[in-house]
Amino acid sequence: MLNAVLWVARTGAPWRDLPSYYGPWSSAYSFFWRLQKANIWGEILKHVAIEPDWEQVMVDATIVRVHQHGAGKRGQDRQAIGRSRGGLTTKIHAMVDALGYPLRFELTPGQDHDSVTGYRLLHELDFCPGEVLADRAYDTNAILELLQSRAITPVIPSKRNRRVKRPLDSETYKERHLIECFFNKVKNYRRLATRYEKTANMFMAFLTLLSIRLWLK
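The model shown is predicted, which means the values in this text are computed figures rather than measured ones.

(A) Molecular detail of the overall build of the protein chain. Broken down by element type, the protein chain carries nine helices and seven strands. Over its C-alpha trace the protein chain gives a radius of gyration of 18 Å, about what one expects of a compact globule, namely 17 Å for 217 residues. Here the protein chain holds 217 residues, and the buried ones make up 48% of them. Across the protein chain, contacts joining residues at least 24 apart in sequence account for 63% of those joining residues at least 6 apart. If the 32 positive side-chain charges of the protein chain are averaged to one point and the 22 negative ones to another, these points end up 10 Å apart.

(B) Structural view of the packing of helix α1 (residues 2-11) against helix α9 (residues 200-216). Interhelical geometry of α1 versus α9 gives an angle of 110° and a closest axis separation of 11 Å. The pairing of α1 with α9 is recorded here as roughly perpendicular in orientation. The residues of α9 that touch α1, namely those facing Leu2, Val5, Leu6, Val8 and Ala9, are Phe206, Leu209, Leu210 and Arg213.

(C) Quick look at the layout of surface pockets. The computed volume of the largest pocket comes to approximately 450 Å³. Those elements that provide at least two residues to the lining of the largest pocket are α3 (40-48), β4 (102-109) and α9. When residues of the lining of the largest pocket are assigned to their parent elements, the largest contribution, four residues, is made by α3. In terms of residue class, the lining of the largest pocket is built from nine nonpolar, five polar and four charged. Estimates place the volume of the second largest pocket at around 310 Å³. Around the second largest pocket, the lining comprises 13 residues; the ones closest to its centre are Trp15, Arg191, Tyr196, Glu197 and Lys198. Among the residues making up the lining of the second largest pocket, the classes are represented as seven nonpolar, three polar and three charged.

(D) How the structure looks around α9. Its 17 residues place the ends of α9 24 Å apart at the C-alpha level, agreeing with the 24 Å of an ideal helix rising 1.5 Å per residue. For α9, the buried fraction is high: 14 of the 17 residues fall into the buried class.

(E) Looking closely at the pairing of strand β1 (residues 56-66). Burial of β1 is extensive: nine of the eleven residues sit out of reach of the surface. Two elements, β1 and strand β5 (residues 131-133), share three bridges in a ladder whose sense is parallel. Note on β5: the bridge partner recorded for Met58 is Leu133. Pairing between β1 and strand β3 (residues 87-97): nine bridges, direction antiparallel.

(F) Just the packing of aromatic side chains, in detail. In total, this model carries eleven aromatic pairs according to the counting rule given. Seen from their ring centres, Phe31 and Trp41 are 6.3 Å apart, and the 85° between their planes marks the pair as edge-to-face. On the criterion of sequence distance, the pair formed by Phe31 in helix α2 (residues 25-37) and Trp41 in helix α3 is long-range, its members being ten residues apart. Of the residues examined, Trp41 reaches a relative accessible area of 4% and is grouped as buried. Among the aromatic residues, those joined into a cluster by ring pairs are Trp15, Trp25, Tyr29, Phe31, Phe32, Trp41 and Phe206. Lying over the aromatic face of Tyr189, Arg10 brings its terminal NZ or CZ to 4.1 Å of the ring centre.

(G) Unusual backbone geometry, seen in detail. The residue Asn39 is not glycine, and still its phi comes out positive at about 60°. Tracing the backbone shows Asn39 in the loop between α2 and α3. You will see that Ala151, though not glycine, has its phi angle at about 60°, which is positive. Take Ala151: it is sitting in the loop between α5 (141-149) and β6 (153-155).

The rules behind each value
All chains use their own residue numbering, which begins from 1 and follows the written sequence. Note on the predicted model: pLDDT of at least 70 is required for a residue's local features to be given, and 80 or more for side-chain atom pairs to be given and counted; whole-chain, interface and lining totals, by contrast, use all residues. The basis for the side-chain values is all heavy atoms of the structure; hydrogens and waters are excluded. Only DSSP runs of H or I with at least four residues qualify as helices, and only runs of E with at least two residues qualify as strands; both kinds are numbered from the N terminus onward. For the radius of gyration, the atoms used are the C-alpha atoms, and the globule rule reads 2.2 Å times the number of residues raised to 0.38. Each residue is placed in one exposure class: buried if its accessible area under a 1.4 Å probe, protein chains only, is under 20% of its type's maximum, exposed if it is over 50%, and partly exposed if it falls in between. Residue contacts are defined here by distance: any two heavy atoms, one from each residue, within 4.5 Å place the two residues in contact. Positive charges come from Lys and Arg, negative ones from Asp and Glu, while His and the chain ends are left out of the count. A single reference atom marks each charge: NZ on Lys, CZ on Arg, CG on Asp, CD on Glu. For every element, the axis is a line fit to its C-alpha atoms; helices are fit only across the contacting stretch, and the angle between N-to-C directions ranges from 0 to 180 degrees. Here is the rule for angles: anything less than 35 degrees is roughly parallel, anything more than 145 is roughly antiparallel, 65 through 115 is roughly perpendicular, and the remaining ranges are oblique. Only protein atoms enter the 1 Å grid, on which a cavity is a set of points fitting a 1.4 Å probe that cannot get out and a pocket is an open set with protein on both sides within 12 Å along at least 5 of 7 lines, lining residues being those with an atom within 4 Å of a point. Grid points are joined across faces, edges and corners, and a volume is the space filled by probe spheres set on the points. Residues are grouped as follows: Ala, Val, Leu, Ile, Met, Phe, Trp, Tyr, Cys and Pro are nonpolar; Asp, Glu, Lys and Arg are charged; all remaining types, including Gly, are polar. Expected span of a helix: the number of residues minus one, times 1.5 Å. A strand pair is defined by DSSP finding two or more bridges across the two strands. Here is the rule: rings of Phe, Tyr and Trp (six-membered ring for Trp) pair when centre to centre is within 6.5 Å. Planes less than 30 degrees apart are stacked, more than 60 are edge-to-face, and the remainder are tilted. When the NZ atom of lysine or the CZ atom of arginine is within 6 Å of a ring's centre and also within 35 degrees of its normal, the charge is said to sit over that ring.

Purely spatial values, then, with no claim about function.
The structure is reproduced here in structure tokens:
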């Protein structure tokens, strides 16, 4: 069953195109959906991600185009589908540790700003890392004040319109490439490079499953 789900994730093929040697496609789909509905995938991720490297935390977001098969459901904004410059899109907001392993993520419509959800992810942290690395989209007073209140060092370049530029540790900032590497790894699976799922819950299930694989490797 699990290999069948991973085949669908890697190829991006419709469930009905699942090779016959995996068994009925409906059984694999039901297996995958039942575990997501019961939040089993999320619980597995919590158990495998028990020893993150809290020296640094990196936050960023990436855009995923929504395929025509993933659009059309009523209440698209509630399914994390919105309109941005590239048409119908979903934005994946992610947080990784100092080694680039995923800690948590959230889905929003593509037009949502990175800093709004980024603030929420940082605010919900139950552990204070040493540093937070992010690009200049996260250079907001709200985020900086949040980090200062928790004695966390921000490694975030100043926006171009900020009058007083803050100092930046450029060598440490280079480590931010690890979150870009995380996005690259999950987008090697076509089911995440393009969104085919109509519901945000199902798309999140694939993202969680592939994050589990990264931790287990």
